[in-house]
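Fold and contact review
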Amino acid sequence: MPATARAQHWDPAEVLRLLITEEVTGRDAATRRPRRHSANFPTGKTLGSWRVKDSTIPEPTQNSLTTPEWIGRAENLMIAGPSGTGKSHFTERLAQAATEKDMRVSWFTLETLSASMGKSKVDGSTARTVARICRTDLIVIDDIGLLPSARTPPRRSTGSSMPPMSAGPSR
């Protein structure tokens, strides 16, 4: 661009404005890539791949959810319906739109959230894990109805006078 600017006798202020604009655009793109990666999106579906007319969600509702104002108000959103109706696709579309607005997103299935919390219990990092998740602007928990959540059996201390728990039938 500098060679073109000299050859065409551009105003130096205009050259500076264009260079700064390019720098800002590049930095924005550079920060969005890691945000998308850390969000852990399942497929990469975006606003462009969603077919508004094919959804049973009313179009005005879809349109209002694509703006991130509801996220800033910390409102909850639950999307329910039969398998294969596009709930995950629509939700990923909303989450991708949030990253485009420089928001931080955490995407989980119930299974991955349970595994993450289970791992944090083992290594003693539960508080850090919860804090990291809560620092995001949008937390998505997908496929809640597909899998039972992991249940941790109650622990007993080793010095207990109670008999050990048995996994098999009692005799």
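Our structure is the block above this text.
This report concerns the structure included in the present document. (Residues numbered from 1 in each chain as written. Predicted model: local features only at pLDDT ≥ 70, side-chain atom pairs only at ≥ 80, totals over all residues. Heavy atoms only, no water.)

Here the focus is the pattern of salt bridges. Here the structure, examined in full by the defined rule, presents 2 salt bridges. R17 serves as the salt-bridge partner of E14, at 2.7 Å between the closest nitrogen and oxygen. Of this pair, E14 and R17 both sit in helix α2 (residues 12-39), 3 residues apart, roughly one helical turn. Residue E14 is classed as partly exposed on the basis of its relative accessible area, which comes to 30%. The partner of E59 in a salt bridge is K53, with the nearest N and O atoms 2.8 Å apart. Its relative accessible area of 34% is what places E59 among the partly exposed residues. Overall, K53 belongs to the exposed group, its relative accessible area being 68%. (Salt bridge = Lys/Arg side-chain N within 4 Å of Asp/Glu carboxyl O. Helix = DSSP H or I, 4+ residues; strand = E, 2+ residues; numbered from the N terminus. Buried < 20%, exposed > 50% of the residue type's maximum accessible area, 1.4 Å probe, protein only.)

Turning our eyes to something else, we now look at the packing of helix α6 (residues 110-123) against helix α7 (residues 126-134). Contact geometry for α6 and α7: axes closest at 8 Å, N-to-C directions at 145°. The residues of α7 that touch α6, namely those facing L113, S116, M117, S120 and K121, are T126, T129, V130, R132 and I133. The class makeup of the residues in the contact of α6 with α7 is 4 nonpolar, 4 polar and 2 charged. (Axes fitted to C-alpha atoms, helices over the stretch in contact; angles between N-to-C directions. Contact = heavy atoms within 4.5 Å. Nonpolar A, V, L, I, M, F, W, Y, C, P; charged D, E, K, R; others polar.)

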